[in-house]
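Observations on chain architecture
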Amino acid sequence: MTKPAALDGIRVLDLSRVLAGPWCTQILADLGADVVKIERPGVGDDTRTWGPPFIKDANGNDTDQASYFTSCNRNKRSVTVDMATPEGQALLRQMAAQADIVVENFKTGGLKQYGLDHESLRAANPRLIYCSVTGFGHDGPYAERAGYDLMIQAMTGMMSITGRPDDVPGGGPLRVGVALTDLFTGVYASTAILAALQVRDCTGEGQHIDMALLDVGMAILANQASAFLNTGKAPERQGNTHPSLAPYQDFPTQDGSMLLAIGNNGQFARFCEAAGHPEWATDARFATNTLRVKHRLVLIPMMEELTRTRTTAAWVTLLEDKAVPCGPINDIAQAFDDAQVKARGLAVTLPRDAGDGIAGITGVASPLRLTATPPVLRHAPPALGQHTQEVLAEMGIDAARFDALRSAGVV
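Description of the structure in this document.

Criteria and thresholds
Residues numbered from 1 in each chain as written. Predicted model: local features only at pLDDT ≥ 70, side-chain atom pairs only at ≥ 80, totals over all residues. Heavy atoms only, no water. Helix = DSSP H or I, 4+ residues; strand = E, 2+ residues; numbered from the N terminus. Buried < 20%, exposed > 50% of the residue type's maximum accessible area, 1.4 Å probe, protein only. Contact = heavy atoms within 4.5 Å. Areas by Shrake-Rupley, 256 points an atom, 1.4 Å probe, with all protein chains shown as cover. Lys, Arg positive; Asp, Glu negative; His and termini not counted. Charge placed at Lys NZ, Arg CZ, Asp CG, Glu CD. Pairing = 2+ DSSP bridges. Right-handed = clockwise from strand over helix to strand, strands pointing away. Salt bridge = Lys/Arg side-chain N within 4 Å of Asp/Glu carboxyl O. Axes fitted to C-alpha atoms, helices over the stretch in contact; angles between N-to-C directions.

Check the secondary structure of the protein chain and you find 17 helices and 13 strands. If one aligns the C-alpha atoms of the protein chain with their principal axes, the spans along those axes are about 85 × 50 × 40 Å. Per-residue burial for the protein chain yields a buried fraction of 44% across its 411 residues. Within the protein chain, residue pairs in contact and separated by at least 24 positions form 67% of the contacts whose partners lie at least 6 positions apart. For the protein chain, the computed accessible surface area is about 20500 Å², with 56% contributed by carbon and sulfur atoms. Here the protein chain contributes 36 positive and 45 negative side-chain charges, whose respective centroids are spaced 3 Å apart.

In structure tokens:
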């Protein structure tokens, strides 16, 4: 008998699109919630067309469906509803009345005109947990602005600490290689929703959650923000080195590069012993982490001269049983070919039966490993409107009524 998932019985009405909101609802879906994703008829989520690259059909040919969409929409049911129509609004209000959670990422006040804002839906369903994801939150001078991950990375200072310094080749501010703020906002939003579910279990009342990319972008500056707030000095870009640790960076090898992440004196001493330079660990300039940071301009060139004498694989082999964090700098293809990644089953292919020639879609497994209620990957990211009739039938809408709604362009 299949064990129940952690969020079995929880219904989520997903009015979000692009990344932050869908990332949140995918986490909830992986944990067992029934997530109904609402999309525009004939158009769908913007990311369905954000390509190349595109998903391939059974014959290996590109389809018109972008792979971007599939990264954050598995385990959901896609329903197309035109919320600009009175009939569409009525359908969505009926869904919300039966839902536990609504997630939306419209501009502040954008859903009020449709009667789909928190106040309107809460009146009919006081137990509803309503999570809004916006760029800048629901108050303050920027509340009306649209917010995008790249803009937030720039505004929060994330780009100012990412990349190489201005005075070296390739220097200048850089964005992180994925939409980090969107992704973290999705994770924070799912955490807040789970907390709100626990509160509701105690009080019987839902609540509104105001998630802002700006807030999250500032929060994930973490130690860099703390450094500024407690010293008054803004951190600067320093490439792959660490402001508070040394050696903690990439090093050249005989055939490329490797990464050393030495976080304490014991690890440094073990590295020095294995590398044939035990004297470095007792050198007055390098005996502690603080001293190594202070004298990094002396230490790092000495180490680089040494690391160039072996291949990356040879260094990993030498250090892996010495408890010295060391590894290759992989591209994504190499990462998925890694033995540990394979052992953890981190690439998962889910079959899709949507009649569109796409037999299956491969994605990254959920990193949530619960022993009693693990995530369940039930079905692949859906085709546009794949579950519209199914979901509406569950609401009591018969075939004749469905055909009328479809003919009118409501669904």
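When you tally the buried positions in helix H1 (residues 20–30), you get ten out of eleven residues, the bulk of the element. Two residues or fewer past H1, Gly32 is found with a positive phi of approximately 110 degrees.

Let's shift gears to the environment of Gly115. You can see Gly115 is positioned in the loop between strand S6 (101–104) and helix H4 (118–124). In this structure the C-alpha to C-alpha distance between Gly115 and Asp62, which are 53 residues apart in sequence, comes to 40 Å. Those residues in contact with Gly115, other than ones at most four positions away along the chain, are Arg93, Ser120 and Leu121.

Here we take up the pairing of S6. Here S6 shows two buried faces, one formed by Ile101 and Val103 and the other by Val102 and Glu104. Of the strand pairs in this sheet, strand S1 (residues 11–15) and S6 are connected by four bridges, and their pairing is parallel. Across the sheet, residue Asp14 finds its bridge partner in S6, namely Val103. Here four bridges tie S6 to strand S7 (residues 129–134), and the two strands are oriented parallel to one another. Bridged to Val103 within S7 is Cys131. Handedness of the crossover joining S6 and S7 through H4 is recorded here as right-handed.

Another point: the pattern of salt bridges. Under the criterion given, the structure shown has 18 salt bridges. For the salt bridge of Asp46 with Arg40, the shortest nitrogen-to-oxygen distance reads 2.8 Å. Relative accessible area serves as the criterion here: at 44%, Arg40 is assigned to the partly exposed category. Of the charged contacts in the structure, one is a salt bridge between Lys112 and Asp117, with a shortest N-O distance of 3.9 Å. What emerges from the salt-bridge pattern is a single network uniting Asp34, Arg77, Glu390 and Glu394.

For the rest of this paragraph, the subject is the sheet that holds S1. Strand order in the open sheet formed by six strands is S5-S2-S1-S6-S7-S8, with parallel pairing between adjacent strands. The strands lining the two open edges of the sheet, one partner per strand, are strand S5 (76–80) and strand S8 (208–212). Adjacent strand axes in the sheet meet at a mean angle of 20 degrees when their direction is disregarded. Of the pairings in the sheet, the one linking S1 to strand S2 (residues 34–39) comprises four bridges and is parallel in character. In the sheet register, Val12 faces S2, and the bridge partner there is Val35. Here helix H3 (residues 86–97) sits on the sheet and contacts S1, S2, S5 and S6; the angle it forms with S1, its principal contact strand, is near 145 degrees.

Geometrically, the link from Gly51 to Pro52 is a cis peptide bond, its omega value of 10 degrees lying close to zero. Looking at the secondary structure, you find Pro52 in the loop between S2 and strand S3 (54–56). Following Pro52, the chain continues into Pro53 via a peptide bond in cis, with omega recorded as 0 degrees. Here Pro53 is to be found in the loop between S2 and S3. Located in the positive-phi region is Ala222, a residue other than glycine, with phi close to 50 degrees. Mapped onto the fold, Ala222 is located in helix H8 (residues 222–231). Classification of Ala222 as partly exposed rests on a relative accessible area of 44%. A positive phi angle, near 60 degrees, is found at Ala323, a position not held by glycine. Inspection of the secondary structure puts Ala323 in the loop between helix H13 (312–319) and strand S11 (326–328).

With that settled, consider the pairing of strand S9 (residues 248–253). Bridge count between S9 and strand S10 (residues 256–261): six bridges; the pairing is antiparallel. Directly across from Phe251, in S10, lies its bridge partner Met258. The hairpin formed by S9 and S10 contains two residues between the paired strands.

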